Amino acid sequence: MSSLFGLMLEYTIPTLKIFAFTLLYSIPLGMVVALLKMCRFKPISWLTNIYILIMRGTPLLLQLIVAQYSVPYIVRSELCPAFLKALLENVDIRSEDYTFNMMLFAFVLNYAAYFAEIFRGGIESIPKGQYEAAGALGFGKLQTFFRIILPQVIKRVVPASSNEIITLVKDTSLASAIPYMEIMYIAKKQVPLYASLMPLFMAGVFYFAFATVLTVIFSYVEKKLDYYR
Amino acid sequence: MAILEIRNLSKSFGSLNVLNDISFDVEKGEAVAVIGPSGSGKSTLLRCVTQLEKAGGGTIRLCDTDMFAPGPNGKSVYADKQTLRDIRLKTGLVFQNFNLFPHMTVLRNITEAPVCVLKKSRQEAQDTAMELLRKMGLESKAKSYPCELSGGQQQRVSIARALALNPEILFFDEPTSALDPELTGEILKVIKELAADGMTMVIVTHEMGFARDVADKIIFMEGGYIVEQGEPEQLFGDNASERTKQFLSRYSGV
């Protein structure tokens with residue numbers, strides 16, 4: 001049993017890796033997407049909206065699988081432009097890096113869409129008077145955004161973002177279907193070997209503990225940000 | 001010397017003309033009150049002068065600089081960005097809803113613009129801010145957040161914030177309208193003191209008694225037009241126009 005525990009523990013690392021890298025890229029990207037969606041140049045706003053609709057309207061599992069297996073089809077397609085073909089032909093689709101990167105690509109695009117909507121809501125909830133006060137005091141556009149607006153947005157988006165981040169803890173398990181060897185994949189594999197539900201139980205405990213730790217951290221952060229209303 | 005000169009200013013939202021043929025001057029050290037019923041264009045006028053709204057036509061001259069003036073083809077145009085910014089720094093604006101930055105302490109609210117915009121040292125900005133807070137009787141609140149203050153205190157902080165940039169002219173957009181009647185007194189007192197110090201001010205207000213006491217000149221607006229302008233004695237006297245008398249009679253005790 002202790003060897004099973006050791007094995008499971010080892011495969012929490014890839015899970016944590018998906019989790020950390022997805023957040024690392026999707027949060028800043030989500031901010032950019034939010035700003036693009038609010039862009040006053042309508043075509044950009046529409047395109048961004050279509051991207052968000054697709055990401056939120058189709059299963060993450062489907063997106064993960066499409067990202068993983070679509071490159072060979074794209075290369076073979078007649079519609080594929082030459083430069084893209086040249087770029088993609090040299091990709092080794094059997095390498096471990098490729099599997100991880102394409103998976104991360106799907107996770108990041110998916111989560112950025114959700115974060116973008118959270119951030120947009122946060123930005124739009126800041127009263128117009130804040131912009132006007134900043135303008136009247138001579139702050140430039142960037143100064144206004146970074147010094148006046150963004151700090152207030154952060155406080156407002158923490159509850160919704162923490163919800164999203166805790167969902168990501170559990171969504172990482174979808175990687176097992178690609179397949180990518182993380183804790184869920186290993187747990188499923190070990191069930192017949194041990195003729196026991198123990199591996200699944202251990203995986204469950206891991207997700208639960210991880211999500212609980214995050215819940216505690218976020219409630220602390222919310223409290224910390226509660227110094228003003 | 002006129003700090004603010006407005007000539008034939010007009011502004012419309014779509015087909016609705018909210019400002020028509022507005023012309024007046026504000027001399028240095030003068031306190032001008034703008035009164036009139038709701039929807040008369042008082043706030044829009046202030047928002048055009050402080051660049052929060054785009055004006056339609058006419059001339060706005062602030063601190064001897066054309067901010068908005070007729071171009072070669074006769075159509076009024078704005079000055080370049082740098083000029084507009086320079087003008088902005090010479091004007092201060094106090095809002096009806098204060099619009100303090102809720103995530104900053106009172107002190108930070110006042111020092112942020114001098115430090116970030118005027119590039120003053122933090123120490124210098126803080127010294128000025130503390131001086132202003134002393135004047136406002138809010139020295140002890142420097143480390144508080146706006147949400148911990150009463151409405152009257154918040155409005156005093158926002159006045160201090162505007163004064164921290166050392167503006168040549170200060171605009172007030174209904175500074176007491178969001179306050180309890182009990183709290184309006186403290187704000188009016190502060191504005192009176194500023195007037196006594198020779199601050200140039202334009203005050204949009206519904207406080208008629210205050211306008212009469214403090215203003216050197218009163219502008220009465222209705223329907224986007226200036227109906228009458230002049231010294232308080234004139235507007236509040238027997239020779240005022242019928243419309244002015246009718247409007248003022250609704251404010252009892254005046």
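Numbering of residues begins from 1 in every chain and follows the order in which that chain's sequence is written. In the order they appear in the text, chains get letters beginning with A and ligands get numbers beginning with 1. Confidence filtering applies because this is a predicted model: local features only for residues at pLDDT of at least 70, side-chain atom pairs given and counted only at 80 or more, and all residues used for totals across whole chains, interfaces and linings.

Draft legend 1. How the structure looks around the overall build of chain B. Working definition: helices are DSSP H or I runs of at least four residues, strands are E runs of at least two. Numbering for both runs from the N terminus. What chain B contains, in helices and strands, is nine helices and eleven strands. Scaling as 2.2 N^0.38, a compact globule of 254 residues should have a C-alpha radius of gyration of about 18 Å, and chain B matches this with 18 Å. Along the first, second and third principal axes, the C-alpha atoms of chain B reach 50 × 50 × 35 Å. For every residue, the other C-beta atoms within 10 Å of its own C-beta are counted; 20 or more classify it as buried, 12 or fewer as exposed, and values in between as partly exposed. C-beta atoms are placed from the backbone. By residue count, 44% of the 254 residues in chain B fall in the buried class. For chain B, long-range pairs separated by at least 24 residues make up 63% of all intrachain contacts whose partners lie at least 6 apart in sequence. In this description the radius of gyration comes from C-alpha coordinates, and the expected globular size is given by 2.2 Å times residues to the power 0.38. Contact between residues is assigned whenever the C-beta positions, reconstructed from backbone atoms, fall within 7 Å.

Draft legend 2. Seen up close, the interface of chain B and chain A. Tallying the contact residues gives 19 residues for chain B and 17 residues for chain A. For the side of chain B that touches chain A, the secondary-structure elements that each account for two or more residues are helix H2 (81-90) and helix H3 (106-116) of chain B.

Draft legend 3. Representation of the nonpolar core in the model. Counting 78 residues, the largest nonpolar core has Val32(B), Val34(B), Ala160(B), Phe171(B), Val202(B) and Ile203(B) as the members making the most contacts within it. Each residue touching Val32(B), except ones within four places of it in the same chain, is listed here: Val26(B), Met201(B), Val202(B), Ala215(B), Asp216(B), Lys217(B) and Ile219(B). Joined through C-beta atoms within 7 Å, a set of buried Ala, Val, Leu, Ile, Met, Phe, Trp, Tyr and Cys residues constitutes a nonpolar core. Listed in part, the 41 residues of the second largest apolar core include Phe107(A), Val157(A), Leu174(A) and Ile186(A).

Draft legend 4. Just the sheet that holds strand S1 (residues 2-13) of chain B, in detail. Residues and elements named next belong to chain B. Spatially, the five strands line up as an open sheet ordered S2-S1-S4-S5-S6, and their pairing is antiparallel. One side of each edge strand has no neighbouring strand; the edge strands of this open sheet are strand S2 (16-27) and strand S6 (76-78). Averaged over all adjacent pairs, the angle separating strand axes in this sheet is 20°, with direction ignored. Across the sheet, helix H1 (residues 42-49) lies against S1, S2 and strand S4 (57-62), angled at about 65° from S2, the strand it touches most. To obtain an axis, a line is fitted to C-alpha atoms, over the contacting stretch when the element is a helix, and the angle between two such axes runs from 0 to 180 degrees between their N-to-C directions. Against the sheet, H2 contacts S4, strand S5 (65-70) and S6, and its axis sits at roughly 125° relative to S5. Strands pair, by our definition, only if DSSP identifies at least two bridges between them.

Draft legend 5. Fine view of the packing of H3(B) against helix H4 (residues 122-135) of chain B. All names here are of chain B. It is at 9 Å that the axes of H3 and H4 come closest, and there the two elements cross at 135°. Between H3 and H4, the crossing angle belongs to the class labelled oblique. Of the two elements, H3 crosses H4, and the hand of that crossing is right-handed. Here Leu107, Ile110, Thr111, Pro114 and Val115 of H3 come into contact with H4, specifically with Arg122, Ala125, Gln126, Thr128, Ala129 and Leu132. All residues other than Ala, Val, Leu, Ile, Met, Phe, Trp, Tyr, Cys, Pro, Asp, Glu, Lys and Arg, Gly among them, are scored as polar; the first ten of these are nonpolar and the last four charged. A class-by-class count of the residues in the contact of H3 with H4 yields seven nonpolar, three polar and one charged. Comment on the angle field: the value is read as roughly parallel under 35 degrees, roughly antiparallel over 145, roughly perpendicular from 65 to 115, and oblique elsewhere. In a left-handed crossing the near helix is turned counterclockwise from the far helix by less than a right angle, and in a right-handed crossing that turn is clockwise.

Draft legend 6. Here's a closer look at the sheet that holds strand S10 (residues 217-222) of chain B. Residues and elements named next belong to chain B. Strands sit in the order S7-S8-S9-S3-S10-S11 across an open sheet of six strands; the sheet is mixed. The open sheet is flanked by strand S7 (91-94) and strand S11 (225-230), the only strands paired with a single partner. Sheet twist, expressed as the mean angle between neighbouring strand axes with direction ignored, is 15°. By the bridge criterion, four bridges tie strand S3 (residues 31-35) to strand S9 (residues 201-204) in an arrangement that is parallel. What sits directly across from Ala31, in S9, is Met201.

Draft legend 7. Expanded view of unusual backbone geometry. Omega for the bond connecting Ile178(A) with Pro179(A) falls within 30 degrees of zero, at 0°, which places this linkage in the cis form. Mapped onto the secondary structure, Pro179(A) falls in the loop between helix H9 (141-171) and helix H10 (183-194). Of note in the backbone geometry, Ala195(A) takes a positive phi value of approximately 50° without being a glycine. Inspection of the secondary structure assignment puts Ala195(A) in the loop between H10 and helix H11 (198-224). Even without a glycine there, the phi angle at Glu174(B) is positive, about 45°. As for its position among the elements, Glu174(B) is in the loop between strand S8 (169-173) and helix H6 (181-196).

Draft legend 8. Examining the pairing of S9(B) more closely. Residue and element names in this part refer to chain B. Alternating residues of S9 divide into Met201 and Ile203 and Val202 and Val204, and every residue in both groups is buried. Looking at chain direction, S8 and S9 are connected through four bridges and run parallel. Within the sheet, the bridge partner assigned to Asp173 lies in S9 and is Val204. For the crossover from S8 across H6 to S9, the handedness is right-handed. We call a crossover right-handed when, viewed with both strands directed away from the observer, the connection leading from the first strand over the helix to the second proceeds clockwise.

Draft legend 9. Structural context of the environment of Leu197(A). Counting through the fold element by element, Leu197(A) comes out in the loop between H10 and H11. For the pair Leu197(A) and Pro127(A), spaced 70 residues apart in sequence, the C-alpha separation works out to 53 Å.

Draft legend 10. Layout of the confidence of the model for chain B. pLDDT gives the predictor's per-residue confidence on a scale running from 0 to 100. Averaged over all residues, the pLDDT of chain B is 92; the fraction at 70 or higher stands at 99%. The ipTM, which scores confidence in the relative placement of chains, is 0.91 for this predicted complex, and the corresponding pTM is 0.87.

Draft legend 11. Expanded view of the pairing of S10(B). All names here are of chain B. Counting buried positions over the six residues of S10 gives five, a clear majority of the element. Pairing between S3 and S10: four bridges, direction parallel. Across the sheet, the residue bridging to Val32 is Lys217, located in S10. For S10 and S11, the ladder comprises five bridges, and the chain directions are antiparallel. Counterpart to Met221 in the pairing with S11 is Ile226. Between the end of S10 and the start of S11, which pair antiparallel, lie two residues, with Gly223 showing a positive phi angle near 60°.

Draft legend 12. Fine view of the environment of Leu84(A). Assignment of secondary structure puts Leu84(A) in helix H6 (residues 82-89). Of the residues examined, Leu84(A) has 13 C-beta atoms within 10 Å and is grouped as partly exposed.

Draft legend 13. Highlighting H6(B). Residues and elements named next belong to chain B. The length a helix should cover is 1.5 Å for every residue beyond the first. Here H6 contains 16 residues, and its C-alpha end-to-end distance of 23 Å stays within 8% of the 22 Å for a straight helix at 1.5 Å per residue. Those residues of H6 lying buried are Thr184, Ile187, Leu188, Val190, Ile191 and Leu194. Burial along H6 is one-sided: seen end-on, the buried residues are contained in an arc of 155°. The exposed residues of H6 that point more than 90 degrees off its buried face are Glu182, Glu193 and Ala196. Of the surrounding secondary structure, the elements contacted by the buried residues of H6 are helix H5 (151-163), S8, S9 and helix H7 (208-214). Positioned one or two residues after H6, Gly198 has a phi angle of 90°, which is positive. Throughout, the arc means the angular range of directions from the helix axis out to the C-beta atoms.

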